[in-house]
Amino acid sequence: MEQPPRAEPFAPNGDTLDFRLLNEFQRGFPLVSQPWDVLAGQLGCSAAQVVARLRMLHDEGKISRVGAVFAPNRIGASTLAAMAVPEAELPRVAMQVSAFPGVNHNYRREHRYNLWFVASAPDEAALARLLEHVGAATGCPAIALPLVEEYHIDLGFDLASGRRTRHAVLPVQRQAMTRSEWQLIGRLHDGLPWGARPFQALGDAAGLGEGRVLSTLSRWLADGTLRRFGVVVRHRELGWRANAMCVWQVPEDQVSAFGHALAAEDGVSLCYRRRTRPDWPYNLFCMIHGQGRAEVDARRAALAARVGLAAFPSAVLFSTDCYKQCGARYQAPLEQAA
């Protein structure tokens, strides 16, 4: 498959409007009736300029949306999955996997397991069926590596330094949603509309009032249903072209301690424990992003030495192709959708 054009590093000039929009509002987006006015007041420009620049960044592929990032397994079931695909079949299989609505991320990585994707469904049974359908359609069975323990999951980080905002990890607790809340979730998939009162537009489309939308989003942020609400950037298009999934095989009674230590380090954008398989022994995962491969390699080596992971079996899986990248599209269970 043809490689996408390489992005130039996004200039980290804190005085430019675009950079401030991308860097300062990945979290803490104002949940108020007219949020663009609030951003404009902080940036010293007009609300029309804010919307115009964000729309341009969206059209250029630098952001996927302004909106909600749901925490994993709070309103549905999800898993990381992998396939070992013959190289000659990879373009076909990747396209077929990406065509499934329940797949939201799909990458090629350097490993025998070379196709990695995230799948989501209303519940675990539906998720298992989805993976079976993917395997049947492609002729390649997928291994599921569900989340066991989260240490840090949050792709909001400083675009100049790579440092990211730490957050408290709340216990996973599946939320029961009303029919109207599921309608709101459906409207949130593509992000905020660009009108002057975007939350009112969401409420009208979901059959809710503006106040109900704002209070629901605030509650979801407080109880951990939402990881964050704000600008969702595309790192590759902003110059962070190199990313590697780094994995270690750590004794089960030690993995939590190492996971928390690793998650506390700058340069780690994701960190979690996942279930192992007979042919996949690695239980500790982290993601490292950088502007080049050598930078990521060096950061990983330094982190492993500092945390004490250097002695454990490990693997580094660089991403080489991105076939699909979007927010998870959660669907209501059948009894709620009826």
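Residues numbered from 1 in each chain as written. Predicted model: local features only at pLDDT ≥ 70, side-chain atom pairs only at ≥ 80, totals over all residues. Heavy atoms only, no water.

1. Structural notes on the state of the cysteines
Argument step 1. According to the stated counting rule, one finds zero disulfides in the structure shown.
Argument step 2. C271 carries a free sulfur, and the closest cysteine sulfur to it, the one in C286, is 5.8 Å from it. (Disulfide = S-S within 2.5 Å.)

2. As for the nonpolar core
Argument step 1. Judged by nonpolar contacts, the single largest core of 39 residues is most densely connected at F70, L188, F199, L217, W220 and F229.
Argument step 2. Secondary structure elements with two or more residues in this core: α1 (17-24), α2 (35-43), α3 (47-59), β1 (63-70), α6 (179-188), α7 (198-206), α8 (210-223) and β7 (226-233).
Argument step 3. Residues Y151, A242, W248 and C271 belong to the second largest nonpolar core, which totals 22 residues. (Core = buried A, V, L, I, M, F, W, Y, C linked by side-chain atoms within 4.5 Å. Buried < 20%, exposed > 50% of the residue type's maximum accessible area, 1.4 Å probe, protein only. Helix = DSSP H or I, 4+ residues; strand = E, 2+ residues; numbered from the N terminus.)

3. Section: the pattern of salt bridges
Argument step 1. The tally for this structure, following the rule as stated, stands at 15 salt bridges.
Argument step 2. Salt-bridge contacts for D279 lead to R112; the nearest nitrogen and oxygen are separated by 3.8 Å. Here the residue D279 occupies a position in the loop between β9 (270-274) and β10 (284-290), and R112 occupies one in the loop between β3 (103-109) and β4 (115-121), the gap between them amounting to 167 residues.
Argument step 3. Across the pair E149 and R273 runs a salt bridge whose closest N-O atoms are separated by 3.7 Å. Placement of the pair is E149 in strand β6 (residues 147-153) and R273 in strand β9, with a sequence separation of 124 residues. (Salt bridge = Lys/Arg side-chain N within 4 Å of Asp/Glu carboxyl O.)

4. Section: the environment of R293
Argument step 1. By secondary structure assignment, the location of R293 is in helix α10 (residues 293-307).
Argument step 2. According to the relative accessible area criterion, R293 is partly exposed, its value standing at 42%.
Argument step 3. Note: C-alpha distance between R293 and R241 (52 residues apart in sequence) is 8.4 Å.
Argument step 4. At a separation of 2.8 Å, a polar atom in the side chain of R293 contacts the side chain of E110. (Polar contact = N/O pair within 3.5 Å; in protein donor to acceptor, adjacent residues only side chain to side chain.)

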